[in-house]
Amino acid sequence: MLRRAPLIVGVGALLVGATALAAIDRIDGAAVASERAVRGDRVVIEPEPPAMIARYRVSFIVTWGSATHPGTLPPGSHVSPAVVAAHAEPGDLFAVGAVASVGVESMAEVGATSTLVAELRADPSVGTVTTGRRIDGPGIDEFDVDVTQQHGLVSLVSMLAPSPDWFVGVGDVQLLGVGGWVDRLELPLGAYDAGTDSGSGFTSPNVDTRPAQPIGGPRDVPFAAAVAEGSFGRVVIERIG
Ligand SMILES: [Ca+2]
Ligand SMILES: [Ca+2]
């Protein structure tokens, strides 16, 4: 009631009794919002085809740290700025069993994003591309990604650092299903060896792998031990528009 007092003063001179209260209700913010909600309900119940574009919030949740990996965590552990892309074809960003692109090699070995981003932006099969920030885990980075019917897959990659060529991510997450756009997905981070450096431990010196091996799961004991010790984190993908 105190909140409404100034409004009563403002219109009171010309309005009396029930008429005055009705006018005040109409200009009260909550009443207006409630009317809009009712109108919104009427729109929502009408059947609609899937929108051409959906906006998703991609949350990159890194748990890798001394609490989860006390036995295997290297000094200075962090993850590099993630690269996130919406794309059309499986494997546009990376694929297990395929040789890494120069951009994926650079991401996985030194945490760089520029070459990978340039590759993706030059690829007509790729839509939105965005990059994040380094995370000294645990921590979270978030990306708002526009996904279209043409570019309905999302992938995310980020280097585990320090490491020879080990990275985490999710690949080819399909967001447009038979029932329309997916509302929410929660996925564990995959752990990959890019096949481009032969160092065998987190802090090994660089040893370029020639010819490169295909991208695969952990090949080296220290990486496999870290995977066995605990999850590096997860990705939550939630529709926001
Ligand atoms: Ca390797
Ligand atoms: Ca290399």
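Scroll up a little and you will see the structure.
Described in the following lines is the structure provided in the data block. (Residues numbered from 1 in each chain as written. Chains lettered and ligands numbered in written order. Predicted model: local features only at pLDDT ≥ 70, side-chain atom pairs only at ≥ 80, totals over all residues.)

1. With respect to the overall build of the protein chain
Okay, so step 1: The number of helices and strands found in the protein chain is six helices and 12 strands.
Okay, so step 2: The proportion of buried residues among the 241 residues of the protein chain is 33%.
Okay, so step 3: Contacts in the protein chain between residues at least 24 apart in sequence constitute 69% of all its contacts with a sequence separation of at least 6. (Helix = DSSP H or I, 4+ residues; strand = E, 2+ residues; numbered from the N terminus. Buried ≥ 20, exposed ≤ 12 C-beta atoms within 10 Å, placed from the backbone. Contact = placed C-beta atoms within 7 Å.)

2. Some points on unusual backbone geometry
Okay, so step 1: In the segment running from Ala161 into Pro162, the intervening peptide bond is cis, with an omega of -5°.
Okay, so step 2: Within the element layout of this structure, Pro162 appears in the loop between strand S6 (153-161) and strand S7 (166-174).
Okay, so step 3: The linkage connecting Arg210 with the following residue, Pro211, adopts the cis geometry, with an omega of -10°.
Okay, so step 4: Looking at where Pro211 falls in the secondary structure, it is placed in the loop between strand S11 (190-193) and helix H6 (221-229).

3. Structural notes on the pairing of S7
Okay, so step 1: Bridge count between S6 and S7: six bridges; the pairing is antiparallel. In the strand pairing of S7, Val157 is matched with Gly169.
Okay, so step 2: Turn length for the S6-S7 hairpin, with the two strands adjacent in sequence and antiparallel, is four residues.
Okay, so step 3: Inspection of the sheet shows S7 paired to S11 by four bridges, in the antiparallel sense. The residue bridging Gly169 from the neighbouring strand is Gly190, located in S11. (Pairing = 2+ DSSP bridges.)

4. Notes on the environment of Val96
Okay, so step 1: Along the chain, Val96 turns up in the loop between strand S3 (83-87) and helix H4 (102-110).
Okay, so step 2: For Val96, a count of 14 C-beta atoms within 10 Å puts it in the partly exposed group.
Okay, so step 3: Through-space distance from the C-alpha of Val96 to that of Ile215 is 4.9 Å; in sequence the pair is 119 residues apart.

5. So, the packing of H4 against helix H5 (residues 114-121)
Between two packed helices, both the angle of their axes relative to each other and the distance between the axes serve to describe the pair.
Okay, so step 1: Two elements in contact, H4 and H5, have axes whose closest approach is 7 Å; the angle formed by their N-to-C orientations is 150°. One element, H4, and the other, H5, form an angle in the roughly antiparallel class. Our pair here, H4 against H5, has a crossing hand that is left-handed. Along the contact surface, H4 presents Val102, Gly103, Val104, Ser106 and Met107, while H5 presents Thr115, Leu116, Ala118 and Glu119.
Okay, so step 2: Along the lines of polarity and charge, the residues of the contact of H4 with H5 split into five nonpolar, three polar and one charged. (Axes fitted to C-alpha atoms, helices over the stretch in contact; angles between N-to-C directions. Parallel < 35°, antiparallel > 145°, perpendicular 65-115°, else oblique. Left-handed = near helix turned anticlockwise from the far one by under 90°. Nonpolar A, V, L, I, M, F, W, Y, C, P; charged D, E, K, R; others polar.)

6. Some remarks on the nonpolar core
Okay, so step 1: Formed by 47 residues in total, the largest nonpolar core has its most connected members in Val58, Val84, Val154, Leu156, Val157 and Phe167.
Okay, so step 2: Ranked by residues supplied to this core, first place goes to S6 with seven residues.
Okay, so step 3: Beyond its immediate sequence surroundings of up to four residues, Val154 is in contact with Val58, Val84, Ala86, Val145, Val147, Val173, Leu175 and Ile237. (Core = buried A, V, L, I, M, F, W, Y, C linked by C-beta atoms within 7 Å.)

7. With respect to the sheet that holds strand S1 (residues 53-62)
Okay, so step 1: With respect to topology, four strands assemble into an open sheet ordered S5-S1-S12-S10, the strand pairing being antiparallel. For this open sheet the edge positions go to strand S5 (139-148) and strand S10 (184-188), each flanked by a neighbour on one side alone. Averaged over all pairs of adjacent strands, the angle between strand axes in this sheet comes to 15°, irrespective of strand direction.
Okay, so step 2: Note that S1 and S5 share 10 bridges and pair antiparallel. Note on S5: the bridge partner recorded for Ile61 is Ile140.

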